[in-house]
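Summary of structural features
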Amino acid sequence: MKEFVTLVNNRDEVIGSKDRALLMDDDRWRIVTIWLENTSGDILLAQRSLDKKNNPGKWGPAAAGTVEYGDSYDETARREVLEELGVEVPLQTKGLFMHRSMIGARADMGYVGQIDIPAEEFQIQKEEVEQVKWIGKAALLANYKRHQEDYIYEFGLVIQHFI
């Protein structure tokens, strides 16, 4: 089944849609990134499924996803958290940031939320997420500095936006 994504220009204005399977390096499309913390300030990381086409097995933010054509950033963020983690979390917009990825460019709307449940209690979507874990900010920054290869391609930009 074809999945159409929202194409935008460098001002995040919608310029059309495209079948996700046909996206090229000169395309820019909308995505969401969700950053979750607990009341202790730990950050929830998600390891991408080992079967993913891009960044398999790499660590990234709690949830993320592509905005389907006709959907809003907000709808997509709520849906991704529920699908990937099995929870509903009140989210606040952190703001838009533009960046390049492994293929193409992104208009990335960041969201933050807070939740206090143990990592093993999330109902993860195995097609998307291998596992999740909580990690302190200092430990995350130190680990990312030493082992960038363990994280998704654009994780350095994600850290700059959220921390």
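Higher on the page you've got the structure.
Predicted model, so just to flag it, every value in this text is computed and none were measured.

Some words on the nonpolar core
One broad trend across soluble globular proteins is that nonpolar side chains are buried collectively. I34, L36, L85 and V132 are the most contacted members of the largest nonpolar core, which totals 23 residues. Of all the secondary structure elements, the ones that give two or more residues to this core are β3 (28–37), β4 (43–48), α1 (73–85), β8 (105–114) and β9 (129–135). Excluding its chain neighbours within four sequence positions, the residues that come into contact with L85 are L36, L44, A62, A63, E80, F122, Q123, I124 and V132. Residues W59, I135, I152 and V158 belong to the second largest nonpolar core, which totals 14 residues.

Considering the side chain of S49
With respect to the helices, strands and loops of the structure, S49 is situated in the loop between β4 and β5 (59–61). The class of S49 is buried, set by a relative accessible area of 2%.

Topic: the pattern of salt bridges
Applying the stated criterion to the full structure yields 8 salt bridges. Here D12 ties to R30 by a salt bridge, and the two come within 2.9 Å at their closest N and O atoms. In this pair, D12 sits in the loop between β1 (4–8) and β2 (14–19) while R30 sits in strand β3, placing the two residues 18 residues apart along the sequence. For the residue pair D12 and R30, the accessibility class agrees, reading buried in each case. In this structure, the salt-bridge partner of R79 is D71, at a minimum N-O distance of 3.1 Å. Note on D71: relative accessible area 24%, which makes it partly exposed.

Quick notes on the rules
Residues numbered from 1 in each chain as written. Predicted model: local features only at pLDDT ≥ 70, side-chain atom pairs only at ≥ 80, totals over all residues. Heavy atoms only, no water. Core = buried A, V, L, I, M, F, W, Y, C linked by side-chain atoms within 4.5 Å. Buried < 20%, exposed > 50% of the residue type's maximum accessible area, 1.4 Å probe, protein only. Helix = DSSP H or I, 4+ residues; strand = E, 2+ residues; numbered from the N terminus. Contact = heavy atoms within 4.5 Å. Salt bridge = Lys/Arg side-chain N within 4 Å of Asp/Glu carboxyl O.

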